[in-house]
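Working through the structure, step by step
For reference, the chains in residue letters:
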Amino acid sequence: MGGVRHHDSDMTDPAQDAPEVGSPKDSAAGIPAVLSSVRHVGEQAGVMRGLPAMLAVNQKRGFDCPGCAWPEPGKRHTAEFCENGAKAVAEEATRRRVGADFFARHPVGELAERSGYWLGQQGRLTEPVYLPEDGTHYEPISWEAALDLIAEEMRAQPTPDGSVFYTSGRTSNEAAFAYQLFARQLGTNNMPDCSNMCHESSGSALTETLGVGKGSVSLEDIYHSDLVIVAGQNPGTNHPRMLSALEKTKRKGGKVVTVNPLPEAGMKAFRNPQNARGLVGRGTELTDLFMQIRVGGDLALFSAVNRLLLEADRRGEDVLDHAFVQSFTHGFEDFSETLLKEPEDEFWARTERDTGLTRALIEELAAMVVASKSVVVCWAMGLTQHKHSVPTIREVVNFLLLRGNVGRPGAGVCPVRGHSNVQGDRTMGIFERPADSFLDALGTEFDFEPPREHGYDTVDAIRAMGRGDVGVFFAMGGNFVAASPDTEVTEEAMRRVGLTVHVSTKLNRSHVVTGTRALILPALARSDRDVHGDQARWVTVEDSMGLVHASHGVLAPLSEGMWSEVDIVRALGRRLFADGPVDWDAMADYDRIRDHVSRVVPGFEDFNAKARQRGGFALPHAPRDDRRFPTATGLANFTVNGTYAPEIPEGRLLLQTLRSHDQYNTTVYGLDDRYRGILDGRRVVMVNPEDAHELGLADGAYTDIVGEWSDGRERRAPHFRVVHYPTSRGSAAAYYPETNVLVPLDSTADVSNTPTSKSVVVRFEPSTVRS
């Protein structure tokens, strides 16, 4: 592995709009993934830091990958990580540093003109810095002065709701618990988090229908399922280790159905780098049936399969689990009567229009379902970021309930979470609408009365900032400005805040779009050793399937100026609540935090003991464990979800934002999207060739993408290269955060208030920028 390349003094900021475009790949991983992993680790960390980090990631005595939340298997490989996990660890383990000298050379105005990729490549933040009012440069500040400034500004707010506390999914359970306690002791539930923008629709739908807003399956269920349906998800890029699980499904005789507007290499074939067949051969064919659905057509698809099952049942065929439906569910009659009410010709004409699929293909899926004793449905943002996302996921639950595919082996719901501890943060209380039972337990444990009024989620926080109602915006990790919708609106709102504070590991866009004053506080990363005095401390995380396990950092921090997230929170707690009931000093010992958690959060009893078990422990899940459904009815609820699909006006397309392969959330590792055949560029828009011909969009031409929304505000993403690509008809695709500018703040999912990043109506105009 080589030395450091792309240092601040010699790294240019590429335009990203002139890529090389070739054919999409037909398989994922293999030797190219291995080489890419080695290259990234070598360039960022070198041998001495990189090798120990990679040998420790996702190991039982190592640290949890800072990338996705896919669970680890019981038996671990020596290299228990994927290509994108290697990139995430390399970014943390980098030897590059961003300190006072960097900020002295670069005014904030100049940094604001740089791309997110360039900012992230500069290295780890190593000391606190402060941007004063009307200042042009960040300047060094001591930890004590920075914390005093934050405390002073929070005290100065007219009400506690003048402060907003954002959380990234990277934050550990211990830090998240302390963070939410601090906010509630201050007196607010203003706790937006990244889940608001991604999987809030899943939690809303699952809580209503099953009583638990999490997935109900384990890895063993994936392995032994007869049929796994992967809808609105691209595991090859977003959760590559999931491909290993699907490979086991296929090896054990199960089948896989892919529902997606784009054909993705990872779901075609997986070349497992852990075995010879994957390295030198074709690998494992994963998808048995590919359903190239129209963007936003998933509700119509699952409704159609459900209708086929109900019609078969009425013909006397043995396709429903009547014993399960009668004993464990509520609302079946209303659901079935409503779904069967529409005349058959009208139903199928609408379904084929809304899905872009033929009746014959949907009937083929239904036949596969009937032939399968156990079914798992996996999904991600392709289902959760539409206006009708919550009804869609409720319809998925209807589909599983019909054949009893909840609460038994090989079956269930599998919302595949993104960031590594986003689910754990919610479990620890990071939520703007906390349950009364949680607040009761928290108040009893710490002898205070937590606030009961609901706080701001992400969208409402931006609205409040835009109104001037927020004096302090405090972000525990993440890149709020780049991750949020309606980029120009979000940036305008952020600039109206009095003080913006970001606890961060790397430089990003949110550090250069600031309030009147701004602080950047450098934090330890997941891979860093966390030592207090002579005590080596460790944290815990919860994966996408409800397994909680320990994470031990192994690398020496690049600077003594980096603090743990817990230490930052408890130092603020001491300043604001010196005479209060919470012993913030004691929380330097993370065991004390876990003891508090054990008495507040159900399922964490004996937390310290269980967290020390090799491999951790599984949280209880009532529907999975004993078919108990803690809903309003006490049963699993069938729901009536209507008929809805996004409308596409003449001459327009429906844009979905997505990631490239060299990207995780808003962090861009490089400029290639290898699997889609796009290299050295990100400002591209992928359009079906037939749609492109009708719209006059030549392959290689440059266009402005213009969003259309009812408020009349122009939203324009300029100068994108058109790439003819096999997307579903009527749709287009482009990378975020570059196209978040097109997602209207007020276009959100019903119930969950999640931005509709997967269904943006756009038109195309000749580029306003000269090539």
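The structure reproduced in this document is the subject of the present report.

1. Describing the overall build of the protein chain
The secondary structure content of the protein chain amounts to 31 helices and 33 strands. Computed over its C-alpha atoms, the radius of gyration of the protein chain comes to 25 Å, within 12% of the 28 Å expected for a compact globule of 771 residues. Dimensions of the protein chain along its principal axes, counting C-alpha atoms only, are 75 × 65 × 55 Å. When burial is assessed residue by residue, the protein chain has 65% of its 771 residues classed as buried. Within the protein chain, contacts between residues separated by at least 24 positions form 79% of all contacts whose residues are at least 6 apart in sequence. Looking at the protein chain as shown, the accessible area adds up to about 26,700 Å², and 50% of this sits on carbon and sulfur atoms.

2. Brief notes about the pattern of salt bridges
What the rule picks out here adds up to 62 salt bridges. Across the pair Glu432 and Arg433 runs a salt bridge, and its minimum N-O distance is 3.3 Å. Take Glu432: its relative accessible area is 2%, and that puts it in the buried class. With a closest N to O distance of 2.8 Å, Asp460 and Arg463 form a salt bridge. You can see Asp460 and its partner Arg463 sitting in helix α24 (residues 458–467), three residues apart, about one turn around the helix. Residue classification places Arg463 among the partly exposed residues on the basis of a relative accessible area of 27%. Via salt bridges that share partners, Arg652, Asp704, Glu708, Glu714, Arg716, Arg763 and Glu765 belong to a single interconnected network.

3. A word on the environment of Val706
Here Val706 lies in strand β30 (residues 702–707). For Val706, a relative accessible area of 1% puts it in the buried group. Sequence separation between Val706 and Arg496 is 210 residues; the distance between their C-alpha atoms is 26 Å. Not counting residues within four places of it along the chain, the set of residues in contact with Val706 comprises Glu714, Arg715, Arg716, Leu742, Val761, Val762, Arg763 and Glu765.

4. Thoughts on the environment of Arg184
Locating Arg184 in the fold gives a position in helix α8 (residues 173–186). Accessibility expressed as a relative area gives 1% for Arg184, which makes it buried. Residues Arg184 and Leu442, 258 residues apart in the sequence, show an inter-C-alpha distance of 9.5 Å. Discounting chain neighbours no more than four positions away, the residues touching Arg184 are Asn189, Met191, Gly429, Phe431, Pro434, Phe438, Leu439, Leu442, Phe448 and Pro451. Of note is the side chain of Arg184, whose polar atom sits 2.6 Å from the side chain of Gln180.

5. With respect to helix α21 (residues 389–402)
Residues three or four positions apart in an α-helix share a direction because the helix packs 3.6 residues into each turn. The first and last C-alpha atoms of α21 sit 20 Å apart over 14 residues, in line with the 20 Å expected at 1.5 Å per residue. Here α21 lies mainly inside the structure; 14 of its 14 residues are buried. Immediately downstream of α21, the backbone of Gly404 shows phi near 70 degrees, a positive value.

6. Brief notes about the sheet that holds strand β2 (residues 28–29)
The sheet built from three strands is open, its strands ordered β2-β10-β11 with mixed pairing. A single partner strand is all that each edge strand has here, and the edge strands are β2 and β11 (284–285).

Parameters at a glance
Residues numbered from 1 in each chain as written. Predicted model: local features only at pLDDT ≥ 70, side-chain atom pairs only at ≥ 80, totals over all residues. Heavy atoms only, no water. Helix = DSSP H or I, 4+ residues; strand = E, 2+ residues; numbered from the N terminus. Rg over C-alpha atoms; globule rule 2.2 N^0.38 Å. Buried < 20%, exposed > 50% of the residue type's maximum accessible area, 1.4 Å probe, protein only. Contact = heavy atoms within 4.5 Å. Areas by Shrake-Rupley, 256 points an atom, 1.4 Å probe, with all protein chains shown as cover. Salt bridge = Lys/Arg side-chain N within 4 Å of Asp/Glu carboxyl O. Polar contact = N/O pair within 3.5 Å; in protein donor to acceptor, adjacent residues only side chain to side chain. Expected span 1.5 Å × (residues − 1). Pairing = 2+ DSSP bridges.

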